Structures are given as structure tokens and as C-alpha cells.
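# Per-entry structural report
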Amino acid sequence: MPAAALKPKPLPTQSTAKRPVLLDLPYEPVEKRPLPPGRPREWYITHNRRLKAMRLAIALLDSGVYMPNQARNETIRSTAETIGVHPPSDTTCHMVRALMRYSR
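Our subject in this report is the structure included herewith. (Residues numbered from 1 in each chain as written. Predicted model: local features only at pLDDT ≥ 70, side-chain atom pairs only at ≥ 80, totals over all residues. Heavy atoms only, no water.)

On to helix α3 (residues 73–83), then. Among all positions in α3, only Thr75, Ile76, Thr79, Ala80 and Ile83 are buried. Across the axial projection of α3, the buried residues extend over an arc of 140°, all falling on one side. Opposite the buried face of α3, at more than 90 degrees from it, the exposed residues are Glu74 and Glu81. Taken together, the buried residues of α3 touch α2 (41–62) and α4 (90–102). Downstream of α3 by a residue or two, glycine 84 has a phi angle that is positive, lying close to 85°. (Buried < 20%, exposed > 50% of the residue type's maximum accessible area, 1.4 Å probe, protein only. Helix = DSSP H or I, 4+ residues; strand = E, 2+ residues; numbered from the N terminus. Arc of directions from axis to C-beta. Contact = heavy atoms within 4.5 Å.)

Below, the structure is given as C-alpha cells:
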């Protein structure tokens with residue numbers, strides 16, 4: 001008998017659940033650390049935008065939005081409101097969809 005047949009099946013997780021699981025509230029952001037000094041301003045803007053896009057992509061995935069075409073700007077902005085971050089720009093919304101697209 002193969003070893004894989006002896007392993008018990010794992011419990012369903014967020015990704016295998018039949019219905020989306022609601023976000024656990026209240027959302028607590030991770031402890032912020034200072035960014036490295038001496039970089040151009042554009043670097044800090046891009047860095048913070050990427051962090052925000054990652055947070056939003058994770059929150060969308062946790063709420064059951066798995067495909068980029070399901071994540072319209074309104075959906076992303078309502079998720080931002082739910083987790084307590086400022087509404088994202090169109091550029092950040094585009095970045096969220098790109099992250100969801102390339103994480104597969």
C-alpha cells in the first residue's frame with residue numbers, strides 16, 4: 001500500500017471551503033519597521049504601493065475572490081474599507097489584480 005494512502009485527509013481550509021469564509025475582524029496590521037534611508041522618493045512610493053496591494057490581494061483571497069476578473073475596483077475598494085486601509089488608487093487596484101493573476 002502506498003504511503004500516501006495511509007495519511008488521513010486534512011480538514012478543509014479557506015482554499016477548499018465550499019463557501020467563502022468571512023474575514024476575521026478586527027484586522028490588526030503587522031508592526032511597522034522603518035524603511036531604509038537614502039533611497040529616492042519614488043522607491044518609497046512604489047514600495048508602499050506594493051505592500052498595500054499585497055495586503056488587499058490577501059484579504060480578497062481570504063474573502064473568496066480568487067480570480068482577477070472578479071476583483072473590480074469597487075470590490076477592491078470595499079475590501080480596503082473592511083480591513084481599514086485608505087482606498088487604493090486605480091494603479092494599486094491594477095497591481096492587486098496582477099498579483100492575483102501571477103500567484104497561480
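The rest of the description comes next.
For the rest of this paragraph, the subject is the packing of α3 against α4. Between α3 and α4, the shortest axis-to-axis distance is 10 Å and the interhelical angle comes to 95°. Judged on the interaxial angle alone, α4 and α3 are roughly perpendicular. Contacts between α3 and α4 involve Asn73, Ile76 and Arg77 on the former and, on the latter, Asp90, Cys93, Val96 and Arg97. Grouping the constituent residues of the contact of α3 with α4 by class yields three nonpolar, one polar and three charged. (Axes fitted to C-alpha atoms, helices over the stretch in contact; angles between N-to-C directions. Parallel < 35°, antiparallel > 145°, perpendicular 65-115°, else oblique. Nonpolar A, V, L, I, M, F, W, Y, C, P; charged D, E, K, R; others polar.)

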